[in-house]
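# Coordinate analysis (summary)
For reference, the chains in residue letters:
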Amino acid sequence: MKVFLACLCLLLAGYSAWITARWWPGPPAFTDLLGQKASPDGSIVASYVVQNHGPMSGTLFGLTLSGRKDDPLKADPILTDGEDDSPAQFEWINDTRLEVRLPCGWWGHLTNHFQLKGTNRIVDIAYLPPPTHCPQKSSVPGAESVHSGS
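Residues numbered from 1 in each chain as written. Predicted model: local features only at pLDDT ≥ 70, side-chain atom pairs only at ≥ 80, totals over all residues. Heavy atoms only, no water.

## Structural notes on the environment of Thr-111
Rule in force here: A helix here means a DSSP run of H or I that spans at least four residues, while a strand means a run of E at least two residues long, and both kinds are numbered starting from the N terminus. When a residue's accessible area, from a 1.4 Å probe over protein chains only, is under 20% of the maximum for its type it is buried; when over 50% it is exposed; and in between it is partly exposed. In what follows, residue pairs with any heavy atoms lying within 4.5 Å of each other are defined as contacts.
Note on placement: Thr-111 falls in the loop between β7 (107-108) and β8 (113-115). Take Thr-111: its relative accessible area is 24%, and that puts it in the partly exposed class. Taking the C-alpha atoms as reference points, Thr-111 and Pro-77, 34 residues apart in sequence, are found 8.2 Å from one another. Each residue touching Thr-111, except ones within four places of it in the same chain, is listed here: Pro-77, Ile-78, Ile-125 and Tyr-127.

## A short note on the packing of aromatic side chains
Cut-off, in case you're wondering: Two rings from Phe, Tyr or Trp (for Trp, the six-membered ring) form a pair when their centres sit within 6.5 Å of each other. Planes less than 30 degrees apart are called stacked, planes more than 60 degrees apart edge-to-face, and all others tilted. Each ring is checked for a lysine NZ or an arginine CZ that lies within 6 Å of its centre and within 35 degrees of its normal; such an atom marks a charge sitting over the ring.
Going through the model one piece at a time under the given rule, you end up with 1 aromatic pair. Both rings, one in Tyr-48 and one in Phe-61, keep their centres 6.1 Å apart while their planes meet at 20 degrees; by these two values the pair is stacked. Taken together, the residues Tyr-48 in strand β2 (residues 44-52) and Phe-61 in strand β3 (residues 59-67) connect sequence positions 13 residues apart. Judged by its relative accessible area of 8%, Tyr-48 falls in the buried class. Given a relative accessible area of 11%, Phe-61 falls into the buried group. A cation over a ring is seen here: Lys-37 above Phe-90, with NZ or CZ 5.0 Å from the ring centre.

## Quick notes on the confidence of the model for the protein chain
The test is simple: On a range of 0 to 100, pLDDT expresses the predictor's confidence in each residue.
In this model, the protein chain carries an average pLDDT of 78, and 71% of its residues clear a pLDDT of 70 or more. A low-confidence stretch, residues 138-150 stays under pLDDT 50, and its non-local contacts, those more than four residues away or across chains, total 12 contacts.

## What about the nonpolar core?
The nonpolar side chains of a soluble globular protein tend to be buried, and buried together. Put simply, the test is: To qualify as a nonpolar core, a set must consist of buried Ala, Val, Leu, Ile, Met, Phe, Trp, Tyr and Cys residues joined through side-chain atoms within 4.5 Å.
Judged by nonpolar contacts, the single largest core of 19 residues is most densely connected at Leu-65, Ile-78, Leu-98, Val-100, Val-123 and Ile-125. Broken down by element, the residue count for this core peaks at 4 residues, all from β2. Excluding residues that lie within four positions of it along the chain, Val-100 makes contacts with Leu-63, Leu-79, Gln-89, Phe-90, Ile-125, Ala-126, Tyr-127 and Leu-128.

## What to know about unusual backbone geometry
Positive phi is not limited to glycine here, since His-109 has a value of about 55 degrees. When you line up the elements, His-109 lands in the loop between β7 and β8.

This is the structure we're talking about:
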């Protein structure tokens, strides 16, 4: 009887963990689509997205890759940027290579490769340096200088 109860408890604990993991929310979805470019064969879409849940939440810009029928707002980002709201610069070189100009400011979630879920399709992602006109933060609080590009 003790073995039966132990097995039952273990089974219930496993089921509870599975249900929790299955319904636990993932990363918050982006809220708006700002631009898209499909790969030359049309199977993968690069999307410029923004996450803005209100004035007190801050704004996060990002690039996502997704299948043409998938929701780009729910896709994992390949790049996020929290300062520069100018349009993201990205271009498909061919079906398996995407070039992205890094934005001014700070960025994160840089991904060098992306595999489309459910396929063996892998996209190589190349990052180009930020534009030379990006403002440079000074060590003096409140002061900014502009990079001359020399």
